[in-house]
Amino acid sequence: MARRYTLLIAVFLLIVIGLAPVIAMFVKSLFIDGKISLASYGMLFQSKREWQLLFNSLLLAGSITFITVLLGVPLGTLLAKTDLPLKRLFTILFVIPLIVPPYILAIAWFYCLGRSGIVAGMFGPKIGAATSQFLFGFPGTLFVMVSTLLPVVIILMATYLRMVNQKLEEAAKLSAGWLLVLKRITIPVIAPGIFLSALIVFILAIGEFGVPSSLRFDVFPVESFVQFSAFYNFNAATAAAIPLGVITLVILIVERLFLRKKTVQFKITKEPIIIVPLKKAKPFLFTAVSILAFIFVIVPVGVLLIKSFSLRAYNEAFAISTNSIFRSLLYASIGATCLVIFGFLLGYLLERKALRFSYAADSIAVFLFALPGTVIGIGLISLWNTHATNFIYASMVIILFGYIAQYMALGERIMAATFSQVSHSMEEAAQIVGVGWVRRLFGILIPLTKRGLIATWLVGFIFCLRDLGITMMVYPPDHDTLPVRIFTLMANSPEEVIAALGVIMVVITFLPLYLLGLVTR
Amino acid sequence: MIVEIDNVFKYYNKIPAINGVSLNIEKSERVVVLGPSGCGKTTLLRIIAGFIQPDEGKVTIDGLVVAMTGRCLVEPESRKIGMVFQDIALWPHMSVYGNLEFGLRAKNISREKRNRLIDEMLEKVQMTHFKDASPGDLSGGQQQRIALARALIMQPRILLMDEPLSNLDLDLNLLLRKEILRMQEDLGITMLYVTHDREEAFSLAMRVVLMGHGRIQKIGNADEVSKYLLDLSM
């Protein structure tokens, strides 16, 4: 009974914190001046601009997904499954852009390719104008977003490749070379995993606000934000958010129909992964991977470091952002802790199917994850911006609600995967001798899932820390975080200070990872 | 002589999994390696297949040295070896036909010949009606027949079988044992079979190789090894 109530409370909070704001937003958008009206929606697709935005959003997200998968599948295979030299170093390098907030990479590329950037300084203003033209608009946004989201495919490829039963490959290896085995056996076997990674990339791409906004490519999340914060037009902002909600729903349905059963077939095995020898292709592939790592990671990170290379820049950066840094760390830590608690309970619910509506709860969490941050932000404001709930709306709680709503699915899925490795009988053995739920929770389940809990906290921390979409929409006065601070200062602060802030952002993101490394050493 | 294993050692974390094994297998012979879990019998099979390399010693197939002291001289796909795995390992994303066709296509065999070979093989394992079925739709016994067909269709010089019947119930185990015997005798194929089950070993083997702690403890026919084990237990 106690178990049931705990899980019911978790689901109730999921609905209140996550789903209710989205519903409130939708309902509110149907009213104009207290009367039911579809005028906002009527206006939505009457102008050519709205159609253009929809086209831009889909084109950008589709192109990002296509290129990311095209690069990520071979790259992930090379890094996870071959004897490529320095592959651990390459893996760490390629993961960095996922940890760094995407718009900081955009800033770095602006310093490199902008009209008065490093390239222009080296090759003259004509070249600078050309690189700037490339950067601002579709190609630049696409390029920066590919570099940010490539790690998603690489990490998932590595995870799924590890789960392939090595006997399947060995059986094929008896009659074919590695290239054919990878092409016809390994990659097709993990195809559902590749499809899932494509879906995640698409979701993250279509909801991205920072990069398109920095590089001036008009997409729906930017439109919502502009309508809301520049024109204070709530209805227009909501109406602009709805197409994204619909696209998200479609993605969710695709995931439910085609992927759920296929991806859960994969189980983590303790068998070692078979390493493919690259032989003669090794120097060529090593060079190719090095070039990609140089372009996607070393250049932008190097530019930030070079640009901010002065004590004055860091002094000034700290002077204008100490409070924001502190708040960022505090909110991300609390957010990550909340995500661990929710992730644990909802992951348990999903994996153990402890309540009848386990899948429904999972669907809500995944839907919220897929929803762009700006949309969740508008939802939170719709629900909590009332006199009675001002204590939520005007405090850090609204930011935390946003984090929980958006990132709950991450914790839930990590913990569900962790629970799948813990035999049911572990808990049942305690239950049968009369140990109650709370004791089982603290004595059995939490100790056995410790690694998953730590992983959830870290992933949660990183995502909360780098969040811009939600925080930008909902942060109350004096509650801005470092990403928001950088974003608002970007337009009119010295470049070296912004670069220094970018470096500080990267360092504080790595801080918990480093501390964890020290603890687990 | 089809296979010659010459003083082979294989270490894991400095502990020998194979500790100086020498074994010769003659053409059309049916050799069963018998031993408890962890005695090194699967490691030996995987060394012959070429999935792992011996740290010391050499492996010769049909007069050609295929592996020697840590080096793979001939890749698994060029050794002309067939293998049936304990967990069957049929490719789940391909039909029965696709599973049988994969190796033939890799060897650039024409479509007509592929189709003919597949039809003949399915007939041999009595699975003609399951050509288009997905492995997931087959029973355990049917899957094992297809796994056997997949190995045999490549006309290997030697067929390696890694406890192929251990996951099946007793009735099916007995039935498939008979079929394996029939097929081996019909095709005259050389077979190296690994099992921990004495009864299975004695019923299948022309020669039993008893292994323990990475070493060969006794080689002989079923009666000789059985007597050796009996003496040992007394």
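Residues numbered from 1 in each chain as written. Chains lettered and ligands numbered in written order. Predicted model: local features only at pLDDT ≥ 70, side-chain atom pairs only at ≥ 80, totals over all residues. Heavy atoms only, no water.

> Describe the overall build of chain A, and please don't skip the residues or the numbers.
The helix and strand inventory of chain A stands at 26 helices and two strands. Rg of the C-alpha trace for chain A: 24 Å, near the compact-globule value of 24 Å for 521 residues, within the 12% margin. Projected onto its principal axes, the C-alpha coordinates of chain A cover approximately 65 × 60 × 50 Å. Here chain A, with 521 residues, has 57% of them falling under the buried criterion. (Helix = DSSP H or I, 4+ residues; strand = E, 2+ residues; numbered from the N terminus. Rg over C-alpha atoms; globule rule 2.2 N^0.38 Å. Buried < 20%, exposed > 50% of the residue type's maximum accessible area, 1.4 Å probe, protein only.)

> Lay out the domain arrangement of chain A in plain terms, naming residues and giving numbers.
Residue and element names in this part refer to chain A. Per the domain assignment, the segments of chain A are domain 1 (1-37 + 309-521) and domain 2 (65-307). On a C-alpha basis, the centroid separation for the pair domain 1 and domain 2 is 23 Å. Across the boundary between the two partners, domain 1 contributes 48 residues, which contact 44 residues of domain 2. Interface area, domain 1 with domain 2, both sides summed: about 3,900 Å², of which 73% is carbon and sulfur. The three residues of domain 1 that bury the most area against domain 2 are Ile378, Arg466 and Glu495, which together make up 15% of that side's buried surface. Where domain 1 touches domain 2, the interface holds one salt bridge. With its nearest N and O atoms 3.0 Å apart, the salt bridge here joins lysine 307 to glutamate 495. (Domains from an automatic or database assignment. Contact = heavy atoms within 4.5 Å. Buried area = accessible area lost by both parts, 1.4 Å probe. Salt bridge = Lys/Arg side-chain N within 4 Å of Asp/Glu carboxyl O.)

> Tell me about the pattern of salt bridges, residues and numbers included.
Applying the stated rule across the entire model yields 30 salt bridges over all chains. Of the charged contacts, one joins B:Lys227 and B:Asp231 as a salt bridge, the two residues approaching to 3.4 Å between their closest N and O atoms. On the criterion of helical spacing, the pair formed by B:Lys227 and B:Asp231 is a turn pair, its members being four residues apart in helix H7 (residues 222-233). For B:Lys227, a relative accessible area of 53% puts it in the exposed group. Ionic contacts of the salt-bridge type, sharing partners, join the residues A:Lys173, A:Lys279, B:Glu75 and B:Glu77 into one network.

> Which residues make up unusual backbone geometry, and what are the values?
Despite not being glycine, A:Asp478 has its phi angle at roughly 65 degrees, a positive value. Tracing the backbone through its elements, the reader meets A:Asp478 in the loop between helix H24 (469-474) and helix H25 (482-489). Since its relative accessible area comes to 66%, A:Asp478 is described here as exposed. The residue B:Gln126 is not glycine, and still its phi comes out positive at about 55 degrees. Positionally, B:Gln126 belongs in the loop between helix H3 (111-124) and helix H4 (140-152).

> Any chance you could break down H7(B) for me, citing the residues and the numbers?
Residue and element names in this part refer to chain B. Across its twelve residues, H7 extends 16 Å between first and last C-alpha, which sits within 8% of the 16 Å expected from 1.5 Å per residue. Of all the residues in H7, the buried ones are Ala222, Val225 and Leu229. Taken around the axis of H7, the buried residues stretch over an arc of 75 degrees, which confines them to a single face. What points out from H7, more than 90 degrees from its buried face, is the exposed set Asp223, Lys227 and Leu230. For H7, the elements touching its buried residues are strand E3 (30-34), helix H6 (198-204), strand E10 (207-212) and strand E11 (215-220). (Expected span 1.5 Å × (residues − 1). Arc of directions from axis to C-beta.)

> Describe the packing of helix H4 (residues 87-99) of chain A against helix H8 (residues 138-163) of chain A, with residues and values.
All names here are of chain A. Remark: H4 packs on H8, axes separated minimally by 7 Å, with the N-to-C direction vectors making an angle of 120 degrees. Taken together, H4 and H8 sit at an angle that is classed as oblique. Crossing hand, H4 versus H8: left-handed. Contact with H4, carried on its side by Phe94, Val95, Pro97 and Leu98, involves Ser147, Thr148, Leu150, Pro151, Val152, Ile154 and Ile155 of H8 and no other residues of that element. Of the residues in the contact of H4 with H8, the class split is nine nonpolar, two polar and no charged. (Axes fitted to C-alpha atoms, helices over the stretch in contact; angles between N-to-C directions. Parallel < 35°, antiparallel > 145°, perpendicular 65-115°, else oblique. Left-handed = near helix turned anticlockwise from the far one by under 90°. Nonpolar A, V, L, I, M, F, W, Y, C, P; charged D, E, K, R; others polar.)

> Quick one: what's the story with the sheet that holds strand E4 (residues 56-61) of chain B, residue by residue and with numbers?
All names here are of chain B. Taken together, five strands build an open sheet; the order of strands is E2-E1-E4-E5-E6 and the sheet is antiparallel. Taken across any chain shown, the strands that pair with only one partner, and hence form the sheet edges, are strand E2 (15-25) and strand E6 (71-72). With eight bridges connecting them, strand E1 (residues 3-12) and E2 associate as antiparallel partners. Paired with isoleucine 5 across the bridge in E2 is leucine 23. In the packing of helix H1 (residues 41-49) onto the sheet, contacts are made with E1, E2 and E4, and the angle to E1 comes to roughly 120 degrees. (Pairing = 2+ DSSP bridges.)

> Just give me the short version of the sheet that holds strand E7 (residues 81-84) of chain B, but keep the residues and values in it.
Residues and elements named next belong to chain B. With mixed pairing, the six strands of this open sheet are ordered in space as E7-E8-E9-E3-E10-E11. Edge positions in the sheet fall to E7 and E11, since each of these pairs with one other strand and no more. Strand-to-strand twist of the sheet, defined as the mean angle between neighbouring strand axes without regard to direction, takes the value 20 degrees. Here E10 runs beside E11; their pairing, made up of five bridges, is antiparallel. Of the residues in E11, the one forming a bridge with valine 208 is glycine 220.

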